[in-house]
Amino acid sequence: MIQRQTIVLLLLLFCFLTQGFLVGRKSGFNSVVSSLSDFQNSNGGFQLTKSDPPSLEATSYALFLSSLFGSRDKINQGAVIPFIESLKRSDSGYANTQEQTTSDLISTKYALLSYHHAGEVATPKSSALSSFIQQLYDSKSKFFVPKAGAKGDIKATALALQCLQLLNDDRTGASLKNEIKANLEKFKKDYSFDFKDGRSATSDNYYGIVVGKFVGIDFDANSDRWAQYFVSKQVLHGKNKGGFYADDKNTEVTLESTWHAVAALVELPGNHIDKIDLKSLNDYVSNIPHNLRDAAYAYLAIANTKAFEKLFNIETSYEVLSNRPGIVGDRVIQGTQLKPVITVKSLLGTAHAGLDISLTIYQGGSSESQKLQWNQETQQYVAPEFYLTEGKLGNLTFAYHIKHFVVDLGLEKSLSIEKTDVKTIGYAITVTSEATLAGKIIEADQVVGFGTNFQFSVELGTFSSTNLLSGDFDLIFSVLDSSGIPIYSETQDGRTNKAPFHFKYSLTPSNIPSGNLGFRFDVKNAKGVHTSHYISYKLDIKMIATDIVFENVATGRTPEYKIGDQVIVKLTPAAFPDLSTVRTFDPKTLSERSFYMDVSSPISRLHSIKGSPIDGTSSYRFVLPISSTFESIGTNIVTFRYQTSTEEDILLSPFDPNGAYDDSEELKFVVNAELNVVNFNHNIPKEKLVLYGTHLDLRFKIKDTVSNQFIWSGALSNVSLSLKYDNASRAIKSTLLKSAELVYEKAALKAVSYTHLTLPTIYSV
């Protein structure tokens, strides 16, 4: 018996704290590479999946991935060549599987790529194979055919020309190239190709670019327009965001079309890769099934982008010709002999042995280059010679040029990564510090107060000399507040110095902020600072915000606004060390200090606005435009903080010497709104009777009648829909609503008056 129940749609507006997104990759993207050997059959060939027969296609993909990540030792490479040979047919072409009796062009290309990856660049009987490919040219269609008896097409033509290039066969004469070129010109449509063959339009256009470059079509003059065709194919929204459409109607998205679109942008003259959304591309190709074909397509798509570098962990180190430390942080002690070493590991965690790495060292206006050599024992690339730093001072730059040739990406291309490591050649420096307050010794990094006396002894040296008292340098002693602003400086001239270096400083009450109190020692010559040392203590004093004013709001009233207004706040920050004297900061230093106004809901921070100094004063101005999002509505709590140069946050307590407010009072403002559901549309049948399983489409907007603006979901707010039966015994709630109500009860979310908006009643079965 069918019983009709009335249900009411309730719209829940709520705010929630976003703790972060769990960004993960599905197993296919990385796990295929880490388990390549699992795809290899006992006959030496590879399978696309474990249920597929071994094939040249799968073998080519597996060898590409092993080459890309330097993991050839993870597979049985010795068994690959016999497998490839077993698929050679009597016409010198290759079949894809053992079951396939006749050869075809694409399988032949898979074989050639596999030979290259296996180290067999000179393919057995390559002249016979070239003849096989040449015979696939169809003079009638003026294209190559994919196999004997088939119709010529652009894909087969691109594959044939690529195969001949792999065979180093330049017998494709000018007359044949001109014939193909003239034929290809017929399919040009503005700045794309239209072959009307029912296949992927994006892939066909890629093959058109490949063939066009082979036969001499000029893409240089209008390269940007040709590139725009492929750029426009990228999906900008939805579950396939980042991928590329395969068809001209933009309905189908595939990994193959995505690879071909990116490859076309690389083939075209100029730099077009940065015109696409690379982050979304990487996200799209990450979500792939666990099979060799899709894994290969994914990595072929990103190999020519900046994401390629992220596939490797690159670490630089230096071998020092002594057991004494010659490198301290980024400083190389003058006189050290060091040998650059670089380790490149793939995402598998294994060292990559198949790279070409060169190094250029820049110092003092000169440079020298070295080619790094692979060390099988340490699994690292090592420079052949030690670099000498005797008599040198200043910047020292190591520029590593990492190249990786992968045949699948083209014979004329190599993947490249640039890695730069910047160091400074300077002196060894040792600083002994002593801080005392009221006879008590205070260690470095501990809290000091006004009245503390500091003494420092400084020793300089080189790799061969441990006590350098004089030289062509100045030793500069600086005291820095927590904004990194110098509050004291003293210089000793090393050219005339003969005694050990000593410095003294007494901390007296002043207008400096809470946070680190730093002491920096710089050794400087005519070309600049080459040696630095830093010691810090902590200054813990109360900081306050005085003269707080909400612009255009009467004193003593809670500020009220509406959506679209601006909240403008002015204040004067100050140090309050003795809880008696307000010490404002020097107006000349305000631009070097960072103060923030934070606007929060009862459960999370919504906005952080950096203050702008007000010229000629010690005050700052904060401006917050009120956005048309749910989290703006209701009560907003305002706090202020100071941020040090090391990004430590220190709260500013509100302070009014006249007693209008103090640090126990919560500053806030209110954004008023009256929310209404408008433009409500749905697909509910007129008879209001729907069956379980029916897809209901409900569309509406939320409008605020106070500001007359539409309200949208924000980073921390959204709209939830609840279905509720009028029969109490069968009442239901959505999971999202239940959790939202729980958060509401515990956290007292704002916009209380607008929690539930009732939509029209509809009926269900």
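Starting from 1, residues in each chain are numbered consecutively following that chain's sequence as written. Totals for whole chains, interfaces and linings use every residue, but because this is a predicted model, local features are given only for residues with pLDDT of at least 70 and side-chain atom pairs only at 80 or more, for both listing and counting. Note that water and hydrogens are dropped before the side-chain values are worked out from all heavy atoms of the structure.

Draft legend 1. The confidence of the model for the protein chain, seen in detail. The pLDDT value tells you how sure the predictor is about a given residue, anywhere from 0 up to 100. Considering every residue of the protein chain, the mean pLDDT works out to 86; 87% of them sit at 70 or more. Ignoring residues within four places in sequence, the model shows residues 1–28, a span with pLDDT below 50, making 98 contacts including any to other chains. Throughout, a residue-residue contact means that at least one pair of heavy atoms, one from each residue, lies within 4.5 Å. In the model, residues 729–765 has pLDDT below 50 throughout and makes 93 contacts with residues more than four positions away in sequence or in other chains.

Draft legend 2. The arrangement of the sheet that holds strand E24 (residues 486–493) in detail. Two strands pair under a simple rule: DSSP has to find at least two bridges between them. Helix and strand labels come from DSSP, where a helix needs a run of H or I of at least four residues and a strand needs a run of E of at least two; each type is numbered from the N terminus. Strand order across the open sheet formed by 5 strands is E21-E27-E26-E23-E24, with mixed pairing between neighbours. On the outer flanks of this sheet lie strand E21 (447–448) and E24, each paired with one strand and no other.

Draft legend 3. Layout of the pattern of salt bridges. Should a side-chain nitrogen of Lys or Arg be within 4 Å of a carboxyl oxygen of Asp or Glu, the pair is scored as a salt bridge. Counted by the stated rule, this structure contains 20 salt bridges. Among the salt bridges present, the one from Asp-481 reaches Arg-593, with a minimum N-O distance of 2.9 Å. Of this pair, Asp-481 sits in the loop between strand E23 (474–480) and E24 while Arg-593 is found in the loop between strand E31 (583–584) and strand E32 (594–600), placing the two residues 112 residues apart along the sequence. Across the pair, Arg-593 and Asp-481 agree in class, each one buried. Here Arg-495 and Asp-493 are joined by a salt bridge, their closest N and O atoms 2.9 Å apart. Three or more residues are tied together by salt bridges with common partners; here these are Asp-472, Asp-474, Asp-493 and Arg-495. Categorising residues by exposure relies on relative accessible area from a 1.4 Å probe, with only protein chains included: less than 20% of the type maximum marks a residue as buried, more than 50% marks it as exposed, and the intermediate range marks it as partly exposed.

Draft legend 4. Layout of unusual backbone geometry. The residue Asp-190 is not glycine, and still its phi comes out positive at about 55°. When you line up the elements, Asp-190 lands in the loop between strand E4 (188–189) and strand E5 (192–193). Overall, Asp-190 belongs to the exposed group, its relative accessible area being 67%.

Draft legend 5. Structural context of helix H6 (residues 154–166). The end-to-end C-alpha distance of H6, which contains 13 residues, comes to 18 Å, matching closely the 18 Å that a straight helix rising 1.5 Å per residue would cover. Those residues of H6 that are buried lie in contact with helix H4 (105–117), helix H5 (126–134), strand E3 (143–144), helix H7 (174–185) and helix H8 (201–215). Each polar contact in these results corresponds to two N or O atoms within 3.5 Å; when the atoms are within protein, one needs to be able to donate a hydrogen and the other to accept it, and residues that are neighboring in sequence are counted only if both atoms are side-chain atoms. At the N-terminal boundary of H6, the capping side chain belongs to Asp-153, with an oxygen 3.2 Å from the backbone nitrogen of Lys-155. With its phi angle positive at about 60°, Asn-168 sits one or two positions after the end of H6. Expected helix span is taken as 1.5 Å per residue step, with the number of steps being one fewer than the number of residues.

Draft legend 6. View of the environment of Ala-499. Mapping Ala-499 onto the fold places it in the loop between E24 and strand E25 (501–506). Separated by 30 residues in the primary sequence, Ala-499 and Leu-469 place their C-alpha atoms 6.6 Å from one another.

Draft legend 7. Structural detail: the sheet that holds strand E41 (residues 709–711). Overall, antiparallel pairing links the 3 strands, which are arranged E39-E40-E41 in an open sheet. Both edges of this open sheet fall to strand E39 (675–682) and E41, since each of them pairs with a single strand only. Taken pair by pair, the neighbouring strands of this sheet meet at an average axis angle of 40°, ignoring direction. The sheet contact formed by E39 and strand E40 (residues 698–704) spans 6 bridges and is antiparallel. Looking at the pairing, Asn-676 lines up with Lys-703 of E40. Only the stretch in contact is used when fitting a helix axis, every axis being a line fitted to C-alpha atoms; angles between N-to-C directions are given from 0 to 180 degrees.

Draft legend 8. Broad picture of the packing of aromatic side chains. Only Phe, Tyr and Trp rings are paired, with Trp represented by its six-membered ring, and only when their centres lie within 6.5 Å; those with planes under 30 degrees apart are stacked, over 60 edge-to-face, the remainder tilted. Applying the stated criterion across every chain yields a total of 44 aromatic pairs. Summarising the aromatic geometry, the rings of Tyr-61 and Tyr-110 are spaced 5.8 Å apart at their centres and angled 70° between planes, so their arrangement reads as edge-to-face. Linking Tyr-61 in helix H2 (residues 56–68) with Tyr-110 in helix H4, this pair joins segments that are 49 residues apart in sequence. The buried category is assigned to Tyr-110, whose relative accessible area is 11%. An aromatic cluster is built from Phe-454, Phe-456, Phe-477, Tyr-488, Phe-503, Tyr-505, Phe-519, Phe-521 and Tyr-537, whose rings are joined through pairwise contacts.

Draft legend 9. Inspection of the pairing of E24 at higher detail. Looking at chain direction, E23 and E24 are connected through 7 bridges and run antiparallel. When the bridges of E24 are listed, Ile-476 appears paired with Thr-491. Counting the residues in the hairpin turn of E23 and E24 gives 5 residues, including Gly-484, whose phi is positive at 80°.

Draft legend 10. Examining the environment of Gln-165 more closely. Looking at where Gln-165 falls in the secondary structure, it is placed in helix H6. Note: C-alpha distance between Gln-165 and Ser-130 (35 residues apart in sequence) is 9.9 Å.

Draft legend 11. Broad picture of the environment of Ala-62. Considering the arrangement of structural elements, one finds Ala-62 in helix H2. As a C-alpha pair, Ala-62 and Leu-292 span 230 residues in sequence and 6.7 Å in three-dimensional space.

Draft legend 12. Representation of the packing of H4 against H5 within the structure. The geometry of H4 relative to H5 is characterised by a closest axis approach of 11 Å and an angle of 150° between their N-to-C directions. By the angle class used here, H4 and H5 are roughly antiparallel. Between H4 and H5 lies a crossing of left-handed hand. Residues Leu-105, Thr-108 and Leu-112 of H4 lie in contact with H5, whose contacting residues are Leu-129, Phe-132 and Ile-133. Each residue gets one of three labels, nonpolar for Ala, Val, Leu, Ile, Met, Phe, Trp, Tyr, Cys and Pro, charged for Asp, Glu, Lys and Arg, and polar for the others, Gly among them. Classifying every residue of the contact of H4 with H5 by side-chain character gives 5 nonpolar, 1 polar and no charged. Just so you know how the angles are binned, under 35 degrees is roughly parallel, over 145 roughly antiparallel, 65 to 115 roughly perpendicular, and the rest oblique. Helix crossings fall into two classes, left-handed where the near helix is turned counterclockwise from the far one by less than a right angle and right-handed where it is turned clockwise.

Draft legend 13. Summary view of the packing of H2 against helix H12 (residues 292–302). Closest axis-to-axis distance for the H2/H12 pair is 9 Å, and the angle between their directions is 45°. Between H2 and H12, the angle falls in the class oblique. H2 and H12 meet at a crossing whose hand is left-handed. Together, Glu-57, Ala-58, Tyr-61, Ala-62, Phe-64, Leu-65 and Leu-68 of H2 and Leu-292, Arg-293, Ala-295, Ala-296, Tyr-297, Tyr-299 and Leu-300 of H12 make up the contact between the two elements. Looking at the contact of H2 with H12 residue by residue, the classes come out as 12 nonpolar, no polar and 2 charged.

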